[in-house]
Amino acid sequence: MKVRTRSSAIIGALVLAASLTLTTASAQELPADVSTAGAPPAEVVLTEVARAQAPSAGAAGPDGTVWIAERAGTVRVLGDDGLGEPVLDISAETTIDGERGLLGVAFDPEFAHFYISYTDLEGTSTIDEFAVRDGQLRPETRRTVLTQEQPYANHNGGDIRFGPDGYLYIAFGDGGSGGDPHGNGQNLGTLLGKLLRIDPRGGEPYAVPADNPFVADANAKDEIWAYGLRNPWRFSFDAGTGDLLIGDVGQSEWEEIDWAPADSPGGENYGWSSMEGNHPFRGGTEPADHVPPVHEYDRSGLGCSVTGGYVYRGGAVADLVGQYVFSDYCDGTIRTLRIEDGEVTGEGDLGVEGGEVISFVEDGDGELYVLAIGGTIARIDPA
Ligand SMILES: [Ca+2]
């Protein structure tokens, strides 16, 4: 998430346009264009299913529900009539200055525990856990799992989710300001600029899986799964393959999608801040172990801040199955990639605009929802 003042006029115009096109599903009549060799286009519409106050994240919940986080600190459950009353309210414990707020939510695979990721009143990134019983949060069971002080108000990352291995992954940005002034991206001695992997139920307050890549390195934090990330605002695992996909927001030139196969042992160095995408950053030298992005795009279009999404594994849009669906906060175009064995074999867009797309949510059936910070929660439906 990044608000760039020079883009504010563009964003404002886009929000207006998006609110118009989202008014009814039938307004989405643009032909889909998935410009891949011989691949059929996926014809979709965005169907508004609810409005929220600055929705920031979401997760599939128990009994087929979808839980939505609002950035100011509330969590509400999506039902047939839109969002219900808050089931959690930590708005007194967070702020929305800079890029702060309630930034991520996750359930464990058994829906036995719910996790929230937020910045506290000092800006410290905080991961808390609640027990869930009979589909209900148990507030009295709340405990803090992990915290990380943040030197600046931006680049908090904050996305959280369980991997197919049953461990909790946590994405943290490089700490903020601009250009990674403290060199956190390449410093294995800090959790900033990293993707973490922990076992939140394996110890107090958590355990580190024994096969994490840096547990034998005394100079590296044991929690680190992958590093060299700038602001990995949204990441996901392909529900079909288990592959990892990370949308890492660029500094000023290159937005990128990073990828790792499901059988990766971890330890990937995604390059920041020696590299921005495939390009040396400010005279940086490419690390020998650099894992370049599977996809990058520049700022010559309207995009300026990638919003990572999901590989579509739902049943409603057959032609979309297997494609990675993502967007950009600054232009809202719903984009697609076909990725085979770590190589992009096709890219395109779905011909629909999601507004200021802040996040995607994958429900229990694999259907995808697009969250716009302006308040729209829209489902990707067949045209
Ligand atoms: Ca990178």
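What you see is a predicted model, and the numbers here were worked out from it, not measured in a lab.

**Some points on the overall build of the chain**
Secondary structure summary: the chain contains one helix and 27 strands in total. Put simply, the chain has 383 residues, and 50% of those count as buried. Nonlocal contacts in the chain, meaning residues at least 24 apart in sequence, comprise 56% of its contacts between residues at least 6 apart.

**Observations concerning the sheet that holds strand β20 (residues 295-298)**
Strands sit in the order β15-β16-β17-β20 across an open sheet of four strands; the sheet is antiparallel. Edge positions in the sheet fall to β15 (234-237) and β20, since each has one partner strand and no second. Between one strand axis and the next, the sheet turns by 10 degrees as a mean value, whatever way the strands run. Direction of pairing for strand β17 (residues 254-260) relative to β20: antiparallel, over a ladder of four bridges. Directly across from E256, in β20, lies its bridge partner E296.

**A short note on the sheet that holds strand β11 (residues 160-162)**
A sheet is described by the order of its strands in space; here four strands give the open sequence β11-β12-β13-β14, paired in antiparallel fashion. Either end of the sheet is taken by a strand with one partner, and the two such strands are β11 and β14 (224-227). Neighbour-to-neighbour, the strand axes of this sheet turn through a mean angle of 20 degrees, independent of strand direction. The pairing of strand β13 (residues 194-198) with β14 spans three bridges and is antiparallel. Residue pairing across strands places L196 opposite I224, the latter belonging to β14.

**Re the confidence of the model for the chain**
Mean pLDDT for the chain: 91, with 90% of residues reaching 70 or above. In the model, residues 1-38 has pLDDT below 50 throughout and makes 67 contacts with residues more than four positions away in sequence or in other chains.

**A few points about the nonpolar core**
With 90 residues, the main nonpolar core has I68, V105, I170, L195, L196, Y369 and V370 as its most contacted residues. With sequence-adjacent residues up to four places away left out, L195 is seen in contact with Y169, A171, W225, A226, L229, P232, F235 and I246.

**Re the environment of G163**
Position of G163 among the secondary structure elements: in the loop between β11 and β12 (168-172). Setting aside residues up to four positions removed in sequence, G163 forms contacts with Y169 and F237.

Thresholds applied
Residues numbered from 1 in each chain as written. Predicted model: local features only at pLDDT ≥ 70, side-chain atom pairs only at ≥ 80, totals over all residues. Helix = DSSP H or I, 4+ residues; strand = E, 2+ residues; numbered from the N terminus. Buried ≥ 20, exposed ≤ 12 C-beta atoms within 10 Å, placed from the backbone. Contact = placed C-beta atoms within 7 Å. Pairing = 2+ DSSP bridges. Axes fitted to C-alpha atoms, helices over the stretch in contact; angles between N-to-C directions. pLDDT = per-residue confidence, 0-100. Core = buried A, V, L, I, M, F, W, Y, C linked by C-beta atoms within 7 Å.

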